[in-house]
Number of protein chains: 2
Amino acid sequence: MLSKVGSFKFHIESYVCDFTEKATLPVICNFGLDAASIHAQQRGYGFEQISQKNMAWVLSRLSIEISEYPGYNQELIVETWVENVTRFFTQRCFRFLDPNDKVIGYARSIWAAIDLQTRRPVDIPERMPGLVDYIDADKICPIEVMAKIPPVEDVVPDMGYTVRYSDIDINKHINSVKYIEHVLNVFDLNSFKEKFIHRFDIVYLAEGIFGNKLKLYKHIDVDDTCIIDTKRENESICRCRISWKSI
Amino acid sequence: MLSKVGSFKFHIESYVCDFTEKATLPVICNFGLDAASIHAQQRGYGFEQISQKNMAWVLSRLSIEISEYPGYNQELIVETWVENVTRFFTQRCFRFLDPNDKVIGYARSIWAAIDLQTRRPVDIPERMPGLVDYIDADKICPIEVMAKIPPVEDVVPDMGYTVRYSDIDINKHINSVKYIEHVLNVFDLNSFKEKFIHRFDIVYLAEGIFGNKLKLYKHIDVDDTCIIDTKRENESICRCRISWKSI
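Residues numbered from 1 in each chain as written. Chains lettered and ligands numbered in written order. Predicted model: local features only at pLDDT ≥ 70, side-chain atom pairs only at ≥ 80, totals over all residues. Heavy atoms only, no water.

Colleague: Explain the environment of D101 of chain A to me, please; I cannot follow it from the model alone.
Modeller: Looking at the secondary structure, you find D101 of chain A in the loop between β4 (90-97) and β5 (103-115). The spacing of D101 of chain A and I77 of chain A is 24 residues in sequence and 8.3 Å in space, taken between C-alpha atoms. (Helix = DSSP H or I, 4+ residues; strand = E, 2+ residues; numbered from the N terminus.)

Colleague: Got a minute to help me understand the pairing of strand β7 (residues 195-204) of chain B in this structure?
Modeller: Two faces make up the sheet, and in a regular strand the side chains alternate between them. Residues and elements named next belong to chain B. In terms of residue burial, β7 counts as a mostly covered element, since 10 of its 10 residues are buried. With 5 bridges joining them, strand β2 (residues 55-66) and β7 adopt antiparallel strand pairing. Looking at the pairing, I64 lines up with F200 of β7. Sheet topology note: the β7/strand β10 (residues 235-246) ladder contains 9 bridges and is antiparallel. Its bridge partner being in β10, V203 is matched across the sheet by R239. (Buried < 20%, exposed > 50% of the residue type's maximum accessible area, 1.4 Å probe, protein only. Pairing = 2+ DSSP bridges.)

Colleague: Can you help me understand the packing of aromatic side chains in this one?
Modeller: Centre-to-centre distance and the angle between the planes together describe a pair of aromatic rings. Per the counting criterion, the structure on display carries 16 aromatic pairs over all chains. Where Y165 of chain A meets F192 of chain B, the ring centres are 3.6 Å apart and the plane angle is 0°; that geometry is what we call stacked. Separated into two different chains, Y165 of chain A in the loop between β6 (159-162) and α4 (176-184) and F192 of chain B in helix α5 (residues 189-194) make up a pair that spans both. On the basis of relative accessible area, Y165 of chain A is assigned to the buried category, the value being 5%. Each ring, one from F187 of chain B and one from W244 of chain B, has its centre 5.0 Å from the other, and the planes form 75°; the classification is edge-to-face. Of this pair, F187 of chain B sits in the loop between α4 (176-184) and α5 while W244 of chain B sits in strand β10; the two residues are 57 residues apart in sequence, bridging distant segments of the chain. F187 of chain B sits in the buried class, given a relative accessible area of 8%. Judged by its relative accessible area of 8%, W244 of chain B falls in the buried class. Each residue in the set Y165 of chain A together with F187, F192 and W244 of chain B is aromatic and connected to the rest through ring pairs, giving one cluster. Sitting above the plane of the W81 of chain B ring, K139 of chain B keeps its charged end 5.1 Å from the centroid. (Phe/Tyr/Trp six-rings, centres within 6.5 Å; stacked < 30°, edge-to-face > 60°. Lys NZ or Arg CZ within 6 Å of the ring centre and 35° of its normal.)

Colleague: Honestly, α4 of chain B in this entry has me stumped. Any pointers?
Modeller: In an α-helix, one turn spans 3.6 residues, which is why side chains three or four residues apart end up on the same side. All names here are of chain B. Here α4 lies mainly inside the structure; 9 of its 9 residues are buried. Listed in full, the buried residues belonging to α4 are S176, V177, K178, Y179, I180, E181, H182, V183 and L184. If you check the start of α4, you find a side-chain oxygen 2.9 Å away from the backbone N of V177, and it comes from N175. (Polar contact = N/O pair within 3.5 Å; in protein donor to acceptor, adjacent residues only side chain to side chain.)

Colleague: Honestly, the nonpolar core in this entry has me stumped. Any pointers?
Modeller: Soluble globular proteins tend to pack their nonpolar side chains together in the buried interior. Counting residues in each nonpolar core, the largest one holds 140 residues, and the members touching the most others are F96, F200 and I242 of chain A together with F96, F200 and I242 of chain B. Excluding residues that lie within four positions of it along the chain, I242 of chain B makes contacts with V183, L184, F187, I197, R199, F200, D224, T225, C226 and I228 of chain B. (Core = buried A, V, L, I, M, F, W, Y, C linked by side-chain atoms within 4.5 Å. Contact = heavy atoms within 4.5 Å.)

Any link to function would need more than the numbers given here.
Next up, the structure:
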């Protein structure tokens, strides 16, 4: 049996950096999802393997906390493991390290598995009985569980976009990380000069598809935190909470 | 002295694929630029090395021909070399191969080097005398030199976008590949189902910056070819020619 924790190394190329010469949040999310995908595949539960059994993984929630973003030309190590499996959800955690083994962040993701015909969630322990053997109960992901993100009402939309070719991924719907890119576009460059995103939570509520006209509603909380709701007419597609910290 | 031709391997992750399960054109461009950047750095002419001498590379033109896009989970090999150095420009070529050494495409890029203070082009052979030693006169890039791309006039704009955080790169202007992403968003998904982009030419004419409101003007030529002009008011920022081929 393979180790419970997988460890994957990524190199920070110039084209994954923003103007501060650091990797962006969407890029770190992509690296995490990539690590998750390889980890699952190596253990028999990858996208391609479960699609042969007529199932697909669906990302439901993601929380990420970063204390220091990796810079241009540096290496990022992503560790990932299964924290928990319940009837309809599995929690997968991440630890991010620099090449000197300094921990620079954590993340927790919550996944459902759907039946590709009915599009309904399947009973994970029943359909993937071996998955529980990979639960690592000893490895700690010390970040707080995501607090509920309330809908944003009564404000005018801050921005909007139409879903185009470059938003659509291999699963034929909007890529989960592309939503995050669009959400970050609400902020001007000064925000990223003076502060960095310390914690980001996102909950996926519906499937955005090609041609959808989406609007972003922003609600500023106290203490450098805001909620952004991505809506198709009155329906929330995804909702996120962003917490900034001064540099 | 290092070899004239550099060879770099890339893995096609799911998040770099479009809905056809192939790597996208912008991704292949990013891989090429990344290979170019490492190749130049290893030979002493990288972005960081020449910035210490107060210069920067500026991409002026790029032509790319692809006969077959690499698919999900496959490897792409990118070869790159210097084809030519003139007073104000250097030509860098690319050959793309699959893991069985089958050639699946070529590209040619034209670069100026600017002085970071004056923003004017520098005399390349004078300021970087060793660069000519890396010219590979024997390696052939068989694709045609870019034909002039005329401006697009007298048509209504097809689309537009405002330059946001995720468009801006490490050089603090719009990323050269992000322009290509926006240009491809003009097409609907059906175009990518029935056809693929066989040749793409782009000429960069001015620098787009944060907050710019850009408009895309499309002119359909004969034979599945079109020109798209990205303009800031009446000024062309970049102009491209796209040639499609049936699958």
